[in-house]
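Report on the structure
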Amino acid sequence: TPSGLATSEGVAKADEKATDGATESAANGSDGVAVSQDKIAAATIPGASYGFGTPPTNPIPAAEALKDAKAFPGYLDLHRQGDNLLCEVKPDQLGKDFIVCVAISRGIGQNPAIGGMSLFCNGEDWLWQFRKVDNKIYIVRRNLKFTAKKGSPEDKALSLAFTDSILYALPIITKGPNGGYLVDLTSIFMQDLPGIGGAIGRSFDRSRSTWTQIKNFKSNTEIEIEATYSGSFGDTLQDPKAATINIHYSISELPNSGYQPRIADDRIGYFLISQQDFSKKEPDPLIRYITRWNLKKVDASLELSPPVKPIVFWLEKTIPFEYRISIQDGILEWNRAFEKCGFYNAIEVRQQPDDADWDPEDINYNTFRWITANAGFAMGPSRVNPITGEILDADVIMDAEFIRGYRTQLERYSQKEKPEEKPPEEKPAEGTLLPQNSVAATAFARYTEQGGGFGPQRNPLQADPSSRFSLCTVARDMTPQIAFGMLSLECSTQPLGEDEVKKLIKEGVKWVACHEVGHTLGLRHNFRSSAVWSLDEINDPNRDKTYGFTGSIMDYVPVNIVPYGKPQGEYFSPKLGQYDFWAIEYGYKPLSGGTEGEVAELTKIAARGGEKELTFATDDNADYPSPDPLVARFDLGNDPIAFARTRDGLVKQILPQLVDRVTKDGESYQWVRPALLSLYSVRQQAALFASRNIGGLYISRAHKGDKDGTLPLSVVEVQKQRDTLTLLQEIVFGEHAFDIPADLWNKMVDTDWTASGNYGLDDTPIQSQILSWQVSVLSRILSSTVLTRISDSERRVPEDQDCFTTAELISGLSNAIFDELNRLNEGEYTNRKPGINVYRRNLQATFVDCLADLATSNSGPRDCRVVAMLELEAIGAKTGSLLAGPAKLDSYTRAHLKDIQVKIQRILDAKMIVN
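All figures in this text were calculated on a predicted structure; none of them were measured in a lab.

What about the overall build of the protein chain?
Counting secondary structure elements, the protein chain contains 27 helices and 28 strands. The 915 residues of the protein chain split such that 55% are buried. Taking contacts inside the protein chain between residues at least 6 apart in sequence as the whole, the part at least 24 apart equals 72%. Total accessible area on the protein chain is roughly 38400 Å²; 50% of this is exposed by carbon and sulfur atoms.

Points about unusual backbone geometry
A positive phi is found at Asp134, a non-glycine position, where the angle reads about 55 degrees. Given the relative accessible area of 63%, Asp134 is considered exposed.

Digging into the sheet that holds strand β13 (residues 181-184)
In space, the five strands of this open sheet follow the order β3-β4-β5-β13-β12, with antiparallel pairing throughout. Either end of the sheet is taken by a strand with one partner, and the two such strands are β3 (70-72) and β12 (174-175). For strand β4 (residues 77-81) and strand β5 (residues 84-89), the ladder comprises five bridges, and the chain directions are antiparallel. Its bridge partner lying in β5, His79 is registered against Leu86.

Side note on the packing of aromatic side chains
Here a ring pair, both rings aromatic, is described through the centre-centre distance and the interplanar angle of the planes. For the coordinates displayed, the defined rule picks out 21 aromatic pairs. Their ring planes at 50 degrees and their centres at 5.5 Å tell us that Tyr556 and Phe634 sit as a pair that is tilted. Taken together, the positions of Tyr556 in the loop between α13 (535-538) and α14 (578-588) and Phe634 in the loop between α16 (619-622) and α17 (640-654) put the pair 78 residues apart, joining distant regions of the chain. Of the two residues, Tyr556 and Phe634, neither departs from the other in class, the shared state being buried. Taking the centre distance of 6.3 Å and the plane angle of 50 degrees together, the rings of Phe818 and Phe847 count as tilted. On the criterion of sequence distance, the pair formed by Phe818 in the loop between α24 (806-817) and α25 (838-856) and Phe847 in helix α25 is long-range, its members being 29 residues apart.

Notes on the sheet that holds strand β17 (residues 272-277)
Spatial ordering of the open sheet is given by β10-β17-β18, a layout of three strands whose pairing is mixed. Strands with a single pairing partner mark the edges of an open sheet, and in this sheet they are β10 (146-147) and β18 (286-290). Where β17 and β18 come together, five bridges link them in antiparallel fashion. Residue pairing across strands places Gln276 opposite Leu286, the latter belonging to β18.

Some thoughts on the nonpolar core
Among the nonpolar cores identified, the biggest contains 157 residues, and Ile327, Trp334, Phe338, Phe368, Leu521, Ile584 and Phe733 are the most heavily contacted of them. Here this core gets twelve residues from one element, more than from any other, and that element is helix α19 (residues 672-691). Not counting chain neighbours up to four residues away, the residues in contact with Phe733 comprise Leu728, Gln774, Val777, Leu778, Ile781, Leu813, Ile817, Arg840 and Leu843. The next biggest cluster of nonpolar side chains, apart from the first, holds 38 residues, and it includes Val89, Val102, Trp128 and Trp211.

Examining the pairing of strand β6 (residues 97-106)
Looking along a regular strand, one sees side chains alternate from face to face of the sheet. Most of β6 is tucked away: nine of the ten residues are buried. Sheet analysis places β6 next to strand β8 (residues 126-133), joined by four bridges and oriented antiparallel. By the bridge assignment, Ile99 is partnered in β8 with Leu127.

Quick look at helix α15 (residues 594-606)
Over its 13 residues, α15 extends 18 Å from the first C-alpha to the last, a length consistent with the 18 Å expected when each residue adds 1.5 Å. Turning to α15, its buried residues number three or more, namely Glu598, Leu602, Ile605 and Ala606. Mapping the buried residues of α15 onto a view down its axis gives an arc of 90 degrees, with all of them on the same face. Pointing more than 90 degrees away from the buried face of α15 are the exposed residues Glu596 and Lys604. Of the surrounding secondary structure, the elements contacted by the buried residues of α15 are α14.

Describing the environment of Gly577
Structurally, Gly577 is set in the loop between α13 and α14. Residues Gly577 and Gly548, 29 residues apart in the sequence, show an inter-C-alpha distance of 5.2 Å. Ignoring any residue separated from it by four or fewer positions in sequence, one finds Gly577 in contact with Tyr547, Gly548, Thr550, Gly551, Ser552 and Ile553.

Some words on the side chain of Asp580
Tracing the sequence through the fold places Asp580 in helix α14. Buried Asp580, no salt bridge; nearest opposite-charge side chain is Arg336, N-O distance 8.2 Å. Sequence-distant contacts of Asp580, that is, excluding residues within four places in its chain, are made with Trp334, Ala337, Gly551, Ser552, Ile553 and Met554.

Comments concerning the environment of Pro320
Looking at the secondary structure, you find Pro320 in the loop between β19 (311-315) and α7 (321-332). Overall, the relative accessible area of 24% leaves Pro320 in the partly exposed class. As for Pro320 and Trp370, which are separated by 50 residues in sequence, their C-alpha atoms are 8.4 Å apart.

Concerning the pattern of salt bridges
For the coordinates displayed, the defined rule picks out 32 salt bridges. Between Glu316 and Arg369 there is a salt bridge whose closest N-O contact spans 3.5 Å. Of this pair, Glu316 sits in the loop between β19 and α7 while Arg369 sits in strand β21 (residues 366-371); the two residues are 53 residues apart in sequence, bridging distant segments of the chain. The salt bridge involving Glu585 is made with Lys589; its shortest N-O contact spans 4.0 Å.

Digging into the packing of α14 against α15
Running from N to C, α14 and α15 point in directions that differ by 175 degrees, and their axes come no closer than 10 Å. By the criterion of interaxial angle, the relationship of α14 to α15 is roughly antiparallel. Of the residues in α15, those in contact with Trp582, Glu585 and Tyr586 of α14 are Leu602, Ile605 and Ala606. Tallied by class, the residues present in the contact of α14 with α15 amount to five nonpolar, no polar and one charged.

Topic: the packing of α17 against α19
Relative to each other, α17 and α19 sit at 165 degrees, their axes nearing to 8 Å. The pairing of α17 with α19 is recorded here as roughly antiparallel in orientation. Crossing of α17 over α19 shows left-handed handedness. Note on element contacts: α19 touches α17 through Leu679, Tyr680, Val682, Arg683, Ala686, Ala687, Phe689 and Ala690, opposite Pro640, Ile641, Phe643, Ala644, Arg647, Asp648, Val651 and Ile654. Along the lines of polarity and charge, the residues of the contact of α17 with α19 split into 13 nonpolar, no polar and three charged.

Here's the deal with the confidence of the model for the protein chain
Mean pLDDT over the protein chain: 79, with 78% of residues reaching 70 or higher. Ranking the helices and strands of the protein chain by mean pLDDT puts α14 first, with 98, and helix α10 (residues 439-449) last, with 31. Note that residues 1-55 has pLDDT below 50 and, in this model, 89 contacts with residues that lie over four places away or in other chains. A low-confidence stretch, residues 410-465 stays under pLDDT 50, and its non-local contacts, those more than four residues away or across chains, total 150 contacts.

Here's the deal with the environment of Glu253
Relative to the helices and strands, Glu253 resides in strand β16 (residues 242-253). Judged by its relative accessible area of 40%, Glu253 falls in the partly exposed class. Setting aside residues no more than four positions away along its own chain, Glu253 makes contact with Tyr75, Asp97, Phe98 and Ser219.

The rules we used
Residues numbered from 1 in each chain as written. Predicted model: local features only at pLDDT ≥ 70, side-chain atom pairs only at ≥ 80, totals over all residues. Heavy atoms only, no water. Helix = DSSP H or I, 4+ residues; strand = E, 2+ residues; numbered from the N terminus. Buried < 20%, exposed > 50% of the residue type's maximum accessible area, 1.4 Å probe, protein only. Contact = heavy atoms within 4.5 Å. Areas by Shrake-Rupley, 256 points an atom, 1.4 Å probe, with all protein chains shown as cover. Pairing = 2+ DSSP bridges. Phe/Tyr/Trp six-rings, centres within 6.5 Å; stacked < 30°, edge-to-face > 60°. Core = buried A, V, L, I, M, F, W, Y, C linked by side-chain atoms within 4.5 Å. Expected span 1.5 Å × (residues − 1). Arc of directions from axis to C-beta. Lys, Arg positive; Asp, Glu negative; His and termini not counted. Salt bridge = Lys/Arg side-chain N within 4 Å of Asp/Glu carboxyl O. Axes fitted to C-alpha atoms, helices over the stretch in contact; angles between N-to-C directions. Parallel < 35°, antiparallel > 145°, perpendicular 65-115°, else oblique. Nonpolar A, V, L, I, M, F, W, Y, C, P; charged D, E, K, R; others polar. Left-handed = near helix turned anticlockwise from the far one by under 90°. pLDDT = per-residue confidence, 0-100.

Structural data, given as structure tokens:
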């Protein structure tokens with residue numbers, strides 16, 4: 001029954017068989033394990049549970065227990081009996097570790113139930129053991145978080161302090177035909193073991209779930225179930241009331257390969273496994289090992305040798321033919337780094353045959369998978385021995401929407417006729433850009449929402465970004481960058497040809513493939529590497545092309561586009577950077593001299609961390625409120641101000657031609673809105689990057705004595721912070737920062753043409769959209785975190801040196817945002833030509849609110865609170881003077897200033913009461 005409990009009728013019938021079986025067993029001298037009558041009954045009823053009842057007392061022969069069962073011999077000897085899956089646990093398997101890997105082999109096209117996705121519950125691989133206790137087999141998950149030297153007093157104390165986790169207790173049905181212990185695994189796997197139901201808010205339905213595949217091999221067992229979940233789902237299903245998801249379990253023994261763990265170093269970004277060693281005498285009790293493959297030379301005497309066992313990636317047969325070469329090139333690009341540390345052909349690429357009978361989820365195969373989930377992502381998870389850090393298996397997944405997202409932009413632009421086929425004075429036909437509900441449009445929304453950097457999207461079944469299981473969003477988030485680049489090129493004087501379109505797509509595929517394979521080699525993101533060179537150096541036609549134009553392929557780098565008329569370099573960084581070579585050397589270079597010699601050599605390699613090209617910072621430093629302005633996703637160059645001005649220049653070039661570029665005669669204006677929002681969102685993202693200069697601190701992981709190393713923290717140059725404030729005054733807060741023509745706003749319609757035929761048409765909220773862009777920057781630089789950093793920086797900089805202060809920031813913002821108070825001393829204004837335009841009025845009111853919150857709160861430095869109060873008084877006084885002055889103000893401006901004056905006075909009065 002679905003609940004796993006036997007019916008009374010079934011128990012009665014089973015009792016008869018059990019009695020006969022027990023008698024036959026006794027007559028034949030069977031050594032079957034004693035089993036109680038109710039357990040015997042349960043053992044013969046499909047779907048029954050053996051986790052309840054009294055200990056077994058009567059024997060049952062294996063032949064009876066396995067009647068009508070189909071055998072699957074292999075690593076775990078399995079027997080399928082109706083809806084039950086029985087397993088014979090061999091005596092030599094007791095107490096030995098085995099790893100359980102979980103993946104979705106067929107999903108529903110919705111995160112996190114996407115086909116091909118590996119699942120890592122609680123952020124770790126599962127390392128289990130079978131242990132026999134009385135008449136039960138325990139399945140135990142070992143506690144690997146703590147260790148001590150074997151036999152030491154600490155080891156004995158450890159055994160008393162921490163225990164393993166007993167996950168399941170399976171009653172032994174009988175001795176198996178091969179002398180092992182027969183137990184039922186049904187209650188383990190025929191349930192929501194990976195927790196998908198909790199992640200999608202649905203319940204597992206046992207009555208509609210079944211076994212779909214069982215494969216057994218010498219060292220691994222593959223089990224797959226067709227799991228049905230009940231509840232309401234999205235529109236990817238024919239019937240939204242239920243979803244069936246195929247869950248694949250790969251169970252294998254841990255290899256005994258003589259692998260030598262390699263210690264980690266914080267200057268180089270590898271994924272880690274760690275244990276707390278109670279035998280260590282150092283202040284830091286953690287042992288950290290990097291995750292890496294077990295590469296050994298065939299001939300250690302050779303400077304360049306093939307590995308004993310290369311890393312083989314199989315290209316799944318579902319990958320479109322046109323992208324296979326690009327993906328292969330991206331994977332094999334890493335061989336350049338492995339050759340530097342002595343390995344020839346460390347990585348191989350093979351094509352999965354169309355008639356292959358193995359599964360990509362099989363732990364024995366490393367695959368590059370192609371799925372169609374409309375999710376637009378790629379990821380490169382790996383399976384790792386959690387004791388040593390040895391990588392056992394890796395599967396890169398790329399969703400086809402990643403390519404279609406590119407194609408949506410690129411192929412529509414390629415519809416443009418060639419110049420010789422159309423008179424130059426006629427406007428070429430253009431295509432669509434960023435449909436509102438597309439992956440690209442969603443990604444653009446996240447630019448503003450997350451303060452200019454894409455935070456990793458968390459899968460509820462996966463771990464945080466520091467884990468090798470986290471979802472890498474580089475593929476999806478590159479789509480809007482490509483769209484911006486294509487629009488920039490199409491609005492230039494040079495048309496984009498079909499060959500160039502194909503080149504961009506294939507280079508994009510290669511770049512993402514190389515990035516994701518880097519994860520499978522053990523490498524984390526390096527979000528500092530895009531700041532190694534300046535934009536001029538990146539686009540220098542004489543630049544050395546040995547390496548890419550960033551320090552690492554493991555960064556998130558935008559498409560490299562400069563305003564036309566300037567030198568244009570590569571659109572992508574197609575090769576590994578210097579950091580990538582260095583990181584592979586640290587992780588994979590063969591070392592000798594025993595443990596002490598290896599540690600000394602690794603320390604010597606890591607000591608280069610101060611070199612400019614090897615700079616490193618990862619996810620932990622990329623998101624606000626991290627202090628370093630050079631650590632971000634999709635920034636480019638070592639000067640965020642120059643990057644912001646480049647993006648602003650591109651927007652100004654594109655804007656006059658925007659409508660004609662995205663809408664041809666006979667088409668709806670529906671693409672104007674997402675196109676314009678995309679342009680300003682990219683510009684806004686760059687402005688947010690630059691805003692991090694204010695109150696910024698450069699971080700360095702270099703250790704004391706490292707070559708070219710700097711201090712861990714360095715205050716951003718004072719002039720750069722002032723230049724940033726000037727930039728923001730121009731392109732974010734300025735009176736003409738958003739001079740978008742009126743007729744363009746009238747072409748920005750919000751459309752929604754559904755599959756059922758509904759066709760909505762709505763306007764765009766102009767003022768709220770622009771204010772949201774301004775507030776995102778204003779709230780960042782006036783946050784208590786940033787103000788505290790600026791105030792603290794006054795202590796970090798010697799007193800005899802110039803320094804950017806909180807007083808300078810607040811007064812500078814006030815002067816810029818209320819600039820009209822200094823120049824509207826005369827003249828006559830009307831409601832159609834107001835003294836202060838509506839964007840500025842909204843911004844000024846918001847800025848007063850910000851100062852009020854700062855002045856009356858208990859957060860942030862006290863100096864900032866009192867300076868904010870002083871600035872409010874100054875604004876109030878200037879407002880009063882302007883209202884009483886000779887200028888003939890319009891109704892909007894006068895009402896606005898009067899409101900500001902009254903609000904400030906109330907704030908000042910409220911402060912007195914509080915005190």
